[in-house]
Amino acid sequence: MSERALRGTRLVVTSYETDRGIDLAPRQAVEYACQNGHQFEMPFSVEAEIPTEWECKVCGAQALLVDGEGPEEKKGKPARTHWDMLMERRTREELEEVLAERLAVLRSGTMNLAVHPREGNGNSKKKSA
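The rules behind these values
- Residues numbered from 1 in each chain as written.
- Predicted model: local features only at pLDDT ≥ 70, side-chain atom pairs only at ≥ 80, totals over all residues.
- Heavy atoms only, no water.
- Pairing = 2+ DSSP bridges.
- Helix = DSSP H or I, 4+ residues; strand = E, 2+ residues; numbered from the N terminus.
- Axes fitted to C-alpha atoms, helices over the stretch in contact; angles between N-to-C directions.
- Buried < 20%, exposed > 50% of the residue type's maximum accessible area, 1.4 Å probe, protein only.
- Core = buried A, V, L, I, M, F, W, Y, C linked by side-chain atoms within 4.5 Å.
- Contact = heavy atoms within 4.5 Å.

A. Layout of the sheet that holds strand E2 (residues 39–45). Judged by pairing direction, the sheet is antiparallel, and its four strands sit side by side in the order E2-E1-E4-E3 without closing on themselves. Single-partner strands in this sheet number two, and they are E2 and strand E3 (53–55). Strand-to-strand twist of the sheet, defined as the mean angle between neighbouring strand axes without regard to direction, takes the value 40°. Here strand E1 (residues 27–34) pairs with E2 via seven bridges, running antiparallel. For Glu31, the partnering residue across the bridge sits in E2 and is Glu41.

B. Molecular detail of the pairing of E2. Because side chains alternate across E2, one face comprises the buried residues Phe40, Met42 and Phe44, and the other comprises Gln39, Glu41, Pro43 and Ser45, none of which is buried. If you look at the hairpin formed by E1 and E2, you'll find four residues sitting between the two strands, and Gly37 has a positive phi there, around 90°.

C. Molecular detail of the nonpolar core. Formed by Val30, Tyr32, Cys34, Phe40, Met42, Phe44, Cys56 and Ala63, the largest nonpolar core amounts to eight residues. If near-sequence neighbours (up to four positions away) are discounted, Cys56 is found in contact with Cys34, His38, Phe40, Ala61 and Ala63.

D. Focus on the pairing of strand E4 (residues 62–65). Bridging between E1 and E4 involves three bridges; their strand directions are antiparallel. Bridge pairing in E4 links Cys34 to Ala63. The sheet contact formed by E3 and E4 spans three bridges and is antiparallel. The residue of E4 that forms the bridge with Glu53 is Leu64. The turn linking E3 back onto E4 is made up of six residues, and Gly60 within it adopts a positive phi angle of 85°.

This is a description of form; function is not addressed.
As structure tokens, this is what we get:
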């Protein structure tokens, strides 16, 4: 086990390599501006695809590429409402039938305990002896 132990260095934090003799990838400076008037440059590789939006370094707002096209509009799905989800499960005729049944129960004044178990079954409160 002692053969495998690494002593005397913190491998993650310390690097003993120098930058001498290393050619960095060609870079380009891209300028962004946010709606609050802040302008800044970000370095990107020449081969990289340049994003049209970037977070502002100063205020954190969305900054847009200077002299570039605006961001693409994302085609999102329209929000599904409860009505849309209900119409996926039932037809309009079925809904009208259920409505008529429930209105008949309400108008008759008698509640079905199987449908409304909390009302009037007497078992919800225990009697103390």
